[in-house]
Amino acid sequence: MNILDSALSGTYGYLFNIAIIFVKIAVVVGVTMLHVTYATYFERKVIGHMQIRLGPMRVGPHGILQPIADMLKLFFKEDIIPSEADKPVFKIAPVIPIFATLSSLAVVPFFEGFVIADINIGLLYLFAMSSLAAYGVVMAGWASNSKYSFLGGLRSSAQVISYEVAMGLSLVGVMLMAGSLNLSDIVKAQQQYWHGMFLIPQFLAYFVFMVAAFAETNRTPFDLPEAESELVAGYFVEYSGIRFAWYYAAEYVGMIIMSSIAVLCFWGGWTIPPVIADSIPALKVVPGIVWFLGKVYFHIFLYYWVRATVPRYRYDQLMALGWKVLIPLALANIVVTSIVKYMS
Amino acid sequence: MLPKLFFGYFAIVMISLSLVVITRRNPVHSVLWMLVLFFHIAGLYLFLNAEFIAAVQIILYAGAILVLFLFVIMMLNLKEEITAERFIGEWPIGVALAISILMLIFFSISKITAGPQGQHTIEAIKAETHTKAIGKVLYTEYLFPFEIASLILLIAIVGAIVLAKKRG
């Protein structure tokens, strides 16, 4: 302990802190990318079993090595750039979504005290990064110089702008109740209730948030930007090899980020409801990361569940749902929450 | 020294990016350079301890307004746009005007005296958090101008819808 103290206070203390941050970043990014590889496997298995199929079975026992095989294939695949494409934009585009989603991880508190950057505007930072990710899609759609990509890009930009409004408004209720934009503070604010989560008073906001999160990550039933029956694969139809893999990975990291926001803002993050913790004291020994990951896995499962169940929306239905249902609901939620907060 | 270096970087890069934005032949490239410019503006806000405004700068300008720009520009016939003349014939008049305004600012800036220091020092904002500080000022002291600004924006939204409806 003495050595650690002197290292922190000495001239090298500054460098030591930076080194710790780098280690944290490496751990978080590494673990997340591992989750992404196995999220694809999990998705194929879940959807397979829901449709009474087995899913991947060939590579390893029960296909457990399938994601590794997929990854190797994508790494070594030929990278093709269309001859009429806008090359600089085409090359930059796939980096933007993965950059934006991975940097969102910086403000996510995974358990008590573990967060790379504990900033006051955590929630706003997450919004900023998720809106940045849309550029990757729009740029790919335009730079590929193909009508399928272009239509995918146009659909996505309109969809993301519309649902971002609903998503932002849905979280205002949470901000009002917590009185903070810092994600750790939001989690702590939920502990003062016996149920330990904003899910119960903010059920309306949770519903709006989840629907908007599905639309923001371009997942079924709102996967019109990559509707395979009309647009082949949408905005990334011209991409291959590792550039394609970046888009794919960004989609899954985006799902993990959205699930994490839902868990932190509505499900009490790494904590469990005080009423349960008080009646079963043994649960207090379980580290917070277990609860956090469990809740995130449930939300990721929800994504797959919905994908296997619900058919795709038509474009006008998507817009009508966003503007005429979700935004008014979120606004009503803000008004009610403000009145209740003002009265109490 | 370090703050000056930071400011120097932001100032030089922002001016050169603005020049890059207006000189690109391809409008889509202009918009993408503008995105980089907006990120530098947000960086400058962060540098001034204005974290809330920095985040809103990215969410609104980069995340919403610029995407709409891109949306419209992507619909243009770019092949025609690229071959078109970049600047209109009267550009020397514009340059002369710009230089005279710059001179005006340059000479008047030395005459400005700093106002009395308010209650919002860096320490006060750090203690209260920037979001809270800006919210309090906006909703108490400047409530009336704030409401007028929102009304003007509302009128613009209604106007846009009226214009769009007429054609259909």
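Residues numbered from 1 in each chain as written. Chains lettered and ligands numbered in written order. Predicted model: local features only at pLDDT ≥ 70, side-chain atom pairs only at ≥ 80, totals over all residues. Heavy atoms only, no water.

1. Description of the overall build of chain B
At step 1: Each helix and strand in chain B was counted, giving 8 helices and 0 strands.
At step 2: Overall, chain B shows an N-to-C arrangement of helices and strands of α-α-α-α-α-α-α-α.
At step 3: At 20 Å, chain B has a C-alpha radius of gyration far larger than the 15 Å of a compact globule built from 168 residues.
At step 4: Dimensions of chain B, computed from the C-alpha atoms along their principal axes, are close to 55 × 45 × 25 Å.
At step 5: Put simply, chain B has 168 residues, and 21% of those count as buried.
At step 6: Partitioning the contacts of chain B with sequence separation of at least 6, the portion at a separation of at least 24 is 63%.
At step 7: Approximately 12,600 Å² of chain B is accessible, and the part contributed by carbon and sulfur atoms is 75%.
At step 8: The distance from the centre of the 12 positive side-chain charges to the centre of the 9 negative ones in chain B is 4 Å. (Helix = DSSP H or I, 4+ residues; strand = E, 2+ residues; numbered from the N terminus. Rg over C-alpha atoms; globule rule 2.2 N^0.38 Å. Buried < 20%, exposed > 50% of the residue type's maximum accessible area, 1.4 Å probe, protein only. Contact = heavy atoms within 4.5 Å. Areas by Shrake-Rupley, 256 points an atom, 1.4 Å probe, with all protein chains shown as cover. Lys, Arg positive; Asp, Glu negative; His and termini not counted. Charge placed at Lys NZ, Arg CZ, Asp CG, Glu CD.)

2. Some remarks on the overall build of chain A
At step 1: Scanning chain A for helices and strands turns up 14 helices and 0 strands.
At step 2: Secondary structure elements of chain A occur, N-terminal to C-terminal, as α-α-α-α-α-α-α-α-α-α-α-α-α-α.
At step 3: With the principal axes as the frame, chain A shows a C-alpha extent of 60 × 55 × 45 Å.
At step 4: Buried positions account for 54% of the 344 residues belonging to chain A.
At step 5: Counting only contacts in chain A whose residues sit at least 6 apart along the sequence, the fraction spanning at least 24 positions is 79%.
At step 6: On chain A, roughly 16,000 Å² of surface is accessible, and the fraction owed to carbon and sulfur atoms is 71%.

3. Regarding the nonpolar core
All names here are of chain A.
At step 1: Within the largest apolar cluster, 116 residues are counted, with the highest numbers of intra-cluster contacts made by Leu123, Tyr135, Tyr163, Leu171, Phe209, Ile261 and Phe266.
At step 2: In terms of residue count, helix H6 (residues 122-143) provides more of this core than any other element does, 16 residues in total.
At step 3: Not counting the four nearest positions on each side in its chain, leucine 171 is found in contact with Leu123, Phe127, Phe209, Ile261, Cys265 and Phe266. (Core = buried A, V, L, I, M, F, W, Y, C linked by side-chain atoms within 4.5 Å.)

4. Concerning the domain arrangement of chain B
All names here are of chain B.
At step 1: Along its sequence, chain B is carved into domain 1 (1-82) and domain 2 (122-168).
At step 2: Distance from the C-alpha centre of domain 1 to the C-alpha centre of domain 2: 22 Å.
At step 3: Counting residues at the interface gives 5 residues for domain 1 and 6 residues for domain 2.
At step 4: Across the domain 1 to domain 2 interface the summed buried area is about 460 Å²; carbon plus sulfur atoms make up 68%.
At step 5: When residues of domain 1 are sorted by the area they lose upon contact with domain 2, Asn49, Glu51 and Phe52 head the list and together hold 83% of the total.
At step 6: The interface formed by domain 1 and domain 2 holds 0 salt bridges in total. (Domains from an automatic or database assignment. Buried area = accessible area lost by both parts, 1.4 Å probe. Salt bridge = Lys/Arg side-chain N within 4 Å of Asp/Glu carboxyl O.)

5. Brief notes about the packing of helix H2 (residues 27-47) of chain B against helix H3 (residues 51-74) of chain B
All names here are of chain B.
At step 1: In contact at an axis separation of 8 Å, H2 and H3 are set at 175° when each is read in the N-to-C sense. It follows that H2 is roughly antiparallel to H3 by the angle criterion. Here Pro27, Val28, Val31, Leu32, Met34, Leu35, Phe38, Phe39, Ile41, Ala42, Tyr45 and Leu46 of H2 come into contact with H3, specifically with Glu51, Ile53, Ala54, Gln57, Ile58, Tyr61, Ala62, Leu66, Phe69, Leu70 and Ile73.
At step 2: A breakdown of the residues in the contact of H2 with H3 according to their chemical character gives 21 nonpolar, 1 polar and 1 charged. (Axes fitted to C-alpha atoms, helices over the stretch in contact; angles between N-to-C directions. Parallel < 35°, antiparallel > 145°, perpendicular 65-115°, else oblique. Nonpolar A, V, L, I, M, F, W, Y, C, P; charged D, E, K, R; others polar.)

6. Concerning helix H3 (residues 66-76) of chain A
All names here are of chain A.
At step 1: Within the span of H3, buried status applies to Gln66, Pro67 and Leu74. All buried residues of H3 fall inside an arc of 95° around its axis, so they share one side.
At step 2: Looking at the buried positions of H3, the neighbouring elements they touch are helix H2 (13-50) and helix H11 (241-266). (Arc of directions from axis to C-beta.)

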